[in-house]
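# Per-entry structural report
As a plain string of letters, each chain reads:
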Amino acid sequence: MDLKLGKNQWRTLPFRFAPDLVTVLSSRVAQDREGSGRPLTVAQYVDAAMRLYLPNDTNAQLALAEDFFLRREGDVPAGRQSSHRVSPGIYEIASRLPNDLRMAGRARTAVHVYSAAMDLFLTALKNEGPLV
């Protein structure tokens, strides 16, 4: 609803996710589009994942990334980048995240932060079942 009502306020931002999450995300969006008959987009899911699971605080972001990295036993590829339109609140957090991480001495960690948030979101969706 927010995208429909505030369409002009949503801005495009690049995100990098672990490649397997991109595949799962694309499949889930397609499944939900078919099951619900709604014109859902990947951008809406990216925004929802970040709204629910992306902390605003750099230390909390780093903890989230570390947890993801450990769950994956260090096996996190460089990731696949794509750009998505996101709501103003998410844009504010995510647009400064890479530089905030760099200032904290953790450059190149954004892929882990974004992937961790997306992984938690996709896991929750899987547990909820298909959208109808």
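Quick note: structure is the one above.
We now turn to the structure provided with this report. (Residues numbered from 1 in each chain as written. Predicted model: local features only at pLDDT ≥ 70, side-chain atom pairs only at ≥ 80, totals over all residues. Heavy atoms only, no water.)

## Quick word on the overall build of the chain
Within the chain, the secondary structure is distributed over six helices and two strands. For the chain, the succession of helices and strands along the chain, N to C, is α-β-α-α-α-β-α-α. Oriented by its inertia axes, the alpha-carbon framework of the chain measures out at about 45 × 35 × 20 Å. By residue count, 42% of the 132 residues in the chain fall in the buried class. For the chain, restricting intrachain contacts to residue pairs at least 6 apart in sequence, the fraction spanning at least 24 positions comes to 83%. Element-wise, carbon and sulfur atoms account for 51% of the exposed surface of the chain, whose accessible area totals about 7600 Å². Here the chain carries 17 positive and 14 negative side-chain charges, and the mean point of each set is 8 Å from the other. (Helix = DSSP H or I, 4+ residues; strand = E, 2+ residues; numbered from the N terminus. Buried < 20%, exposed > 50% of the residue type's maximum accessible area, 1.4 Å probe, protein only. Contact = heavy atoms within 4.5 Å. Areas by Shrake-Rupley, 256 points an atom, 1.4 Å probe, with all protein chains shown as cover. Lys, Arg positive; Asp, Glu negative; His and termini not counted. Charge placed at Lys NZ, Arg CZ, Asp CG, Glu CD.)

## Quick notes on the nonpolar core
Core analysis: the biggest nonpolar cluster contains 35 residues, and Phe-15, Phe-17, Val-46, Met-50, Tyr-114 and Met-118 have the highest contact counts within it. At the level of elements, β1 (11-17), α2 (19-36), α3 (42-53), α4 (58-71), α5 (88-103) and α6 (110-128) are the ones that each hand at least two residues to this core. (Core = buried A, V, L, I, M, F, W, Y, C linked by side-chain atoms within 4.5 Å.)

## Remarks on the side chain of Thr-109
Relative to the assigned elements, Thr-109 resides in the loop between α5 and α6. Within polar-contact distance, the side chain of Thr-109 engages the backbone oxygen of Arg-106 at 2.6 Å. With near-sequence residues (within four places) excluded, Thr-109 lies in contact with Leu-62, Ala-65 and Leu-101. (Polar contact = N/O pair within 3.5 Å; in protein donor to acceptor, adjacent residues only side chain to side chain.)

## Topic: the layout of surface pockets
Each pocket or cavity is described by its volume, and for the second largest pocket that value is around 330 Å³. Considering the residues around the second largest pocket, the lining is formed by 18 residues, among which Arg-16, Gln-81, Arg-108, Ala-110 and Val-111 are closest to the centre. Contributions of two or more residues to the lining of the second largest pocket are made by β1, α5 and α6. Looking at the lining of the second largest pocket, the element that brings in the most residues is α6, giving four residues. (1 Å grid on protein atoms, 1.4 Å probe; cavity = no way out; pocket = protein on both sides within 12 Å on 5 of 7 lines; lining within 4 Å. Points joined across faces, edges and corners; volume = space filled by probe spheres on them.)

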